[in-house]
Amino acid sequence: MLTRDTYRFSVAPMMDWTDRHCRAFHRELSACALLYSEMVTADAVIHGERERLIGYSDVEHPLALQLGGNEPAKLAEASKIAEDFGYDEVNLNCGCPSDRVQSGAFGACLMREPQLVADCLAAMQDAVKIPVTVKHRIGVDEDEPRERLFGFVETVSKNSPCTVFHVHARKAWLKGLSPKENREIPPLDYDLVHELKTAYPDLLITLNGGLETVEQSLPHLDHLDGVMLGRAAYHDPTILLQVDSAIYGAPTRHDDMLDALKAYRAYIVSELAKNTPLHAITRHILGAFNGRPGARLWRRHLSENAPRREADIQVFDEALAIVEEQRARAEAAQEARSA
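The following refers to the structure shown. Since the model is a prediction, treat every value here as computed from it, not as a measurement.

### Comments concerning the overall build of the chain
When helices and strands are counted, the chain shows 17 helices and 10 strands. Its C-alpha atoms give the chain a radius of gyration of 21 Å, near enough to 20 Å, the size a compact globule of 339 residues would have. With the C-alpha coordinates aligned to their principal axes, the bounding extent of the chain is approximately 65 × 45 × 40 Å. Scored against the burial criterion, the 339 residues of the chain give a buried share of 54%. Approximately 14600 Å² of the chain is accessible, and the part contributed by carbon and sulfur atoms is 50%. One way to put it: in the chain the 38 positive side-chain charges average out to a point 3 Å from where the 51 negative ones average out.

See the structure below:
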């Protein structure tokens, strides 16, 4: 059961990244953060191989499934499937600007059709008892952001049961910018999202876009209900080790990344027993020691050895041993300098 407090910190849905192995790793780092799946289209959920597409481990809760689509009936059916699978929330993507999503007339395109979004969310919520939420931008293309954002939230909140809005504080340019450029070039407007919360105090508003650290996120929690980090948390997952104490006032799961990875080892072993390729798991932990002793050797060992057909847990253990050795050397050097 999700509460308002659950939404104080979440890891954003990221295509090709936030799969089940990534989420299991992130959960090892934070017991409290709300985790999101990659976006999956409603059609894929209805007609595809569900265990492969939306399967997860029980350790991942609290966990939300992000759906893509623009047909209320299909989204409702996919939402019911998600609920039956045990997801804690279903989220509708109204922010992705990729060509593939545009060709399907969903994602950020839906910012221009708030009544359709309201119809979709209403149908989804009618089908399930878990929360149905929406993630969106502040506008698209030549929109005046305030007009588009406030109009979108007004229409959706008045014409659907949706009360949770995850706001990526940038416009999406549907033509002329790649998805990567759409995450970097359009200017951020955090103040506008703060103003949205002031205008709609009863709605739950979270902020996404450009947030790099927990420390940078904390001031926004004085104004908003939550923050959502994406690529920063993926590339430097040590960020997530701080979340439980700094955001939720709860005990940390692990003192450092080494301890967390030693605990994550059991998950890796269990997945290898199911014939999951080692590389499918380790690709998500390459940034575990970024900026710290042994980071380069860690990445190199895993990148070179994990993709091999015969790769097993020994590869992971060797990589971890390399980091431990490098850390010991760095600590010894530091002690020698201080002597």
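### Brief notes about helix 6 (residues 114–127)
A rise of 1.5 Å per residue sets the reference length of helix 6, with its 14 residues, at 20 Å; its end C-alpha atoms lie 20 Å apart and thus fit the reference within 8%. Listing the buried residues of helix 6 in full gives Pro-114, Val-117, Ala-118, Cys-120, Leu-121, Ala-122, Met-124 and Gln-125. The elements touched by buried residues of helix 6 are strand 3 (63–68), helix 4 (72–85), strand 4 (89–94), strand 5 (132–136) and helix 7 (145–159).

### As for the packing of helix 6 against helix 7
For the pair helix 6 and helix 7, interaxial distance at closest approach is 8 Å and the crossing angle is 35°. Crossing handedness for the pair helix 6 and helix 7: right-handed. Listed contacts from helix 7 to Pro-114, Gln-115, Val-117, Ala-118, Leu-121 and Ala-122 of helix 6 are Phe-152, Thr-155, Val-156 and Asn-159. A breakdown of the residues in the contact of helix 6 with helix 7 according to their chemical character gives seven nonpolar, three polar and no charged.

### A word on the sheet that holds strand 3
The strand order around the closed barrel built from eight strands is 1-2-3-4-5-7-9-10, with neighbouring strands paired in parallel fashion. Neighbouring strand axes in the sheet, compared pairwise and without regard to direction, differ in orientation by 25° on average. Note that strand 3 and strand 4 share four bridges and pair parallel. For Leu-65, the partnering residue across the bridge sits in strand 4 and is Val-90. The strands touched by helix 1 (residues 20–29) are strand 1 (9–11), strand 2 (34–41) and strand 3; relative to strand 2, the strand with the most contacts, the crossing angle is about 170°. Against the sheet, helix 4 contacts strand 3 and strand 4, and its axis sits at roughly 160° relative to strand 3.

### Re unusual backbone geometry
The linkage connecting His-61 with the following residue, Pro-62, adopts the cis geometry, with an omega of 0°. Locating Pro-62 in the fold gives a position in the loop between helix 3 (50–54) and strand 3. Although it is not a glycine, Asp-141 sits at a positive phi angle of roughly 50°. Here Asp-141 lies in the loop between strand 6 (139–140) and helix 7. Classification of Asp-141 as buried rests on a relative accessible area of 13%. You will see that Asn-275, though not glycine, has its phi angle at about 70°, which is positive.

### Overview of the environment of Asp-19
For Asp-19, the location among the structural elements is in the loop between strand 1 and helix 1. With a relative accessible area of 14%, Asp-19 lands in the buried category. For the pair Asp-19 and Ala-280, spaced 261 residues apart in sequence, the C-alpha separation works out to 9.6 Å. In contact with Asp-19, other than residues within four places in its own chain, are Glu-38, Ala-280, Arg-283 and His-284. A distance of 3.3 Å separates polar atoms of two side chains, one belonging to Asp-19 and the other to Arg-283.

Criteria and thresholds
Residues numbered from 1 in each chain as written. Predicted model: local features only at pLDDT ≥ 70, side-chain atom pairs only at ≥ 80, totals over all residues. Heavy atoms only, no water. Helix = DSSP H or I, 4+ residues; strand = E, 2+ residues; numbered from the N terminus. Rg over C-alpha atoms; globule rule 2.2 N^0.38 Å. Buried < 20%, exposed > 50% of the residue type's maximum accessible area, 1.4 Å probe, protein only. Areas by Shrake-Rupley, 256 points an atom, 1.4 Å probe, with all protein chains shown as cover. Lys, Arg positive; Asp, Glu negative; His and termini not counted. Charge placed at Lys NZ, Arg CZ, Asp CG, Glu CD. Expected span 1.5 Å × (residues − 1). Contact = heavy atoms within 4.5 Å. Axes fitted to C-alpha atoms, helices over the stretch in contact; angles between N-to-C directions. Left-handed = near helix turned anticlockwise from the far one by under 90°. Nonpolar A, V, L, I, M, F, W, Y, C, P; charged D, E, K, R; others polar. Pairing = 2+ DSSP bridges. Polar contact = N/O pair within 3.5 Å; in protein donor to acceptor, adjacent residues only side chain to side chain.

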